[in-house]
Amino acid sequence: MSKAKTSNPYARKLTIQMGVCKRMSKEASYYVKEVEENSARVKKMKEDDQDPFDIKKQEEVLDESVMMVPDSRRRLGEVMQALEELLAEAPEGQAEGGDSDEKVAEARALLAAFREEEAQLEAAK
């Protein structure tokens, strides 16, 4: 079966929540990358003096991408908050074979990376 299958229910919940957080992080990064690519595409189209209709349509695509960045960051923040709450529920000394301890350490590292990325985004504003 999968890695999430474990005899420790807390470790299983933690594994699932970390997977959600990782997926949302990738999604948020993808939208930022998409905005950069679409911005470059619009700029190149304008420099090449392409059809105004095509430029306008590409700008609409860019606007849609720009709108998704804050939404994806908000959703990422929500799932990270849920992970933080789950970590606060960590059972003391109930790790079966160290499984929970490893998962807690991995989750804390994931949260630390998220906080660092958030701080960098705030500094860039």
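As a reminder, the structure under discussion sits directly above these lines.
Here the structure is a predicted model, which is why all the values come from computation and not from measurement.

S.K.: Can you break down the overall build of the chain residue by residue, with the values?
M.R.: A count of helical and extended segments in the chain gives three helices and zero strands. Order of helices (α) and strands (β) in the chain, N terminus to C terminus: α-α-α. Looking at the chain residue by residue over its 125 residues, the buried ones come to 31%. The contacts in the chain between residues at least 6 apart in sequence include a share of 79% that link residues at least 24 apart. In the structure as shown, the chain presents an accessible area of about 8,500 Å², 53% of it carried by carbon and sulfur atoms.

S.K.: Please set out the environment of Val 69 residue by residue, giving values where relevant.
M.R.: Tracing the backbone shows Val 69 in helix 2 (residues 52-88). Placed 38 residues apart in sequence, Val 69 and Tyr 31 show a C-alpha to C-alpha distance of 5.7 Å. With residues up to four places along the chain from it excluded, the contact list for Val 69 reads Tyr 31, Val 32 and Val 35.

S.K.: Now, about the side chain of Asn 38: what can you tell me, with residues and values included?
M.R.: Along the chain, the position of Asn 38 falls in helix 1 (residues 9-47). Apart from residues no more than four positions distant in its own chain, Asn 38 is found in contact with Gln 58, Val 61, Leu 62 and Ser 65.

S.K.: I'd like to hear about the packing of helix 1 against helix 2, residue by residue, with values.
M.R.: Following both chains from N to C, one finds helix 1 and helix 2 inclined at 160 degrees, their axes separated by 8 Å at the closest point. One element, helix 1, and the other, helix 2, form an angle in the roughly antiparallel class. Crossing angle aside, the handedness with which helix 1 passes helix 2 is left-handed. Its residues assigned to classes, the contact of helix 1 with helix 2 shows 25 nonpolar, seven polar and nine charged.

Analysis parameters
Residues numbered from 1 in each chain as written. Predicted model: local features only at pLDDT ≥ 70, side-chain atom pairs only at ≥ 80, totals over all residues. Heavy atoms only, no water. Helix = DSSP H or I, 4+ residues; strand = E, 2+ residues; numbered from the N terminus. Buried < 20%, exposed > 50% of the residue type's maximum accessible area, 1.4 Å probe, protein only. Contact = heavy atoms within 4.5 Å. Areas by Shrake-Rupley, 256 points an atom, 1.4 Å probe, with all protein chains shown as cover. Axes fitted to C-alpha atoms, helices over the stretch in contact; angles between N-to-C directions. Parallel < 35°, antiparallel > 145°, perpendicular 65-115°, else oblique. Left-handed = near helix turned anticlockwise from the far one by under 90°. Nonpolar A, V, L, I, M, F, W, Y, C, P; charged D, E, K, R; others polar.

Function cannot be inferred from these measures alone, as they are strictly geometric.
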